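Topology and contacts: notes
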Amino acid sequence: MAAMEIEFKFHIPAGRLKAVEAALRRGTVVRTRLQARYFDTADQALAAQGIVLRLRKEGRRWVQTVKATGDNALHRLEHNIDLGAAAAGSAVPMIDPQRHQGTPVGDRLAKVLAASGAPLVERQSTDIVRLTRDVRTTGAGGAVVELALDVGKVVAQAGTPDERESPVCELELELKRGDVQGLVALARRWSQQHGLWFSTVSKAERGARLLAKLDVIPAVKAETPCFAEEKGKLDGHAIQQAVVASCLAQMLPNASEIAAGSTDEEQIHQLRIGIRRLRTALRELAGLDERTDLFNGAEWEPPLVEAFRALGVLRDREQVVKLAQPQLRDAGAPEFDPLAGDDAAAAHAPSPGDVVRAPAFQSVLVSLIGFTAAATAAVEDAPKSDAEAPEQAPSPSGPLDASDARRYLRKRLQHLHGQIVRDGRRFESLNSEDQHRTRKRLKRLRYLAEFVMPLFADADDKEEKSAAERYLKRLRPAQDALGEFNDEAVAQALYREATARDARAWFAVGWFSARHAAGAKACRKALGEIVKAPRFWKKRS
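Now for a look at the structure at hand. These figures come from a predicted structure and were not determined experimentally.

Applying the stated criterion across every chain yields a total of eleven aromatic pairs. Ring centres of F10 and F198 lie 6.2 Å apart, and the angle between their planes is 85°; on these two criteria the pair is classed as edge-to-face. With a gap of 188 residues between them, F10 in strand β1 (residues 2–11) and F198 in strand β9 (residues 197–198) connect regions that are remote in the sequence. For the pair formed by F10 and F198, the shared burial category is buried. Seen in terms of ring centroids, Y495 and F512 are 6.1 Å apart; in terms of plane orientation they differ by 40°. Their pairing is tilted. Here F512 lies in helix α15 (residues 505–528) and Y495 lies in helix α14 (residues 462–498), a separation of 17 residues in the sequence. By relative accessible area, Y495 is classed as buried at 1%.

This is the structure we're talking about:
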């Protein structure tokens, strides 16, 4: 059976498991033991392409499954083959990739295996007890959703001295049929009621980490949006979805790791960049399609702003000091740590995990993930089961067509470009608040340009691509100059605050004050170079 799987997966804190299970058992549940074996090549060719090949005993039946990443955070390509009931004492069936031949995900599997040329080997296994229950949502977002509570473990290199295992405690919500917004509403309700957080780590990935003995994975950085259709066919809604999906592709893996307890600085930094990019997308692309409340700022703005600030409270201060101290030392400043004795900030600052696990932040993530999959239509009326009413969807109004969408984007790019050029000419005379606003506008211009450059440049036209790249390159000196100028302003404020605890901080205050005028002049000159930047969106396409 081939299918497009649409699901949310949430991690359940240990202290919440009993409450989640009790809530699940308020309806009719089915208990199944799932014992799975995962296969890949020795060099993990399948994992590198987001493919999972699994042989699983579900109760008494064996099922072979291949999965692969889909278009967004909710979509998974999947194909299952029922191999029948296992007889008492019978051997485990052999894995056979040919069973998936002729399906989209099976063809992707065959292509990767052919390119690798390496044989399949068992990589890890799982032993899970699953409780499932179907829930029917009602109203405009009616759907049938399967709730699956999985508790168990993932084991790598079983039976060897290097055996390692990782506990599994998660709740999956899979859309069986109906409207994806019914799934989103239910996911928000369960995550809010039980303090769950969205997780991007699959059981297969848990096993791969055990094999590699990885405790921290590299942070995920931003990538250019992937537009599935030709640019001449993309309406405003499709552009919004693709750009938001691109932002989430950076945010979700980093947020998932931080929620699970990681304090990796680069993951926190990349999550903050992702939040800033997302805020730019939701603000600058709002006029492409006004059908959803997500783009009016009322729902998404406060939680994203709060998370961005909270994640940056200690990191920004520590980073500024790290950059400032060597410069001050070279200038002859007395040895002094401006953060020493400032325990109040650390005592009141939430941990990165607390910030990401906050219900308001998780609610925004769930809503945005659902938005990227909102084109999924109801396939049939849902049968009766345990009913829970979803939130009502906003009234629709049509998105801009492809031509009007690109015209709108040209206006937004030109507006930001013009504001920055204007502010650049008078940067030295601006007050500090307006100087900071100019820096934020420059970031918005850069992100917006990165988002939409594929819409104004043919992938096969090197000249069009290079025009967009040249424009972005022209922005970099100004970004660097304004970034350094902002860091010094933050440092000056930090050292000025520290003078109340130690008079040695006055040296730094005076040193940064003396540099302010030269820094503002450097910013003005760098911003002035943007006037010469070739505006790639001006070319007709």
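Resuming the write-up.
Taken as a whole and assessed by the stated rule, the structure comprises three cavities of 30 Å³ or more. For the largest cavity, the calculated volume is near 90 Å³. Elements that contribute at least two residues to the lining of the largest cavity include exactly α8 (301–330) and α15. Per-element accounting of the lining of the largest cavity gives the leading share, three residues, to α8. Within the lining of the largest cavity, the residues separate by chemical class into seven nonpolar, one polar and three charged.

Conventions adopted
Residues numbered from 1 in each chain as written. Predicted model: local features only at pLDDT ≥ 70, side-chain atom pairs only at ≥ 80, totals over all residues. Heavy atoms only, no water. Phe/Tyr/Trp six-rings, centres within 6.5 Å; stacked < 30°, edge-to-face > 60°. Helix = DSSP H or I, 4+ residues; strand = E, 2+ residues; numbered from the N terminus. Buried < 20%, exposed > 50% of the residue type's maximum accessible area, 1.4 Å probe, protein only. 1 Å grid on protein atoms, 1.4 Å probe; cavity = no way out; pocket = protein on both sides within 12 Å on 5 of 7 lines; lining within 4 Å. Points joined across faces, edges and corners; volume = space filled by probe spheres on them. Nonpolar A, V, L, I, M, F, W, Y, C, P; charged D, E, K, R; others polar.

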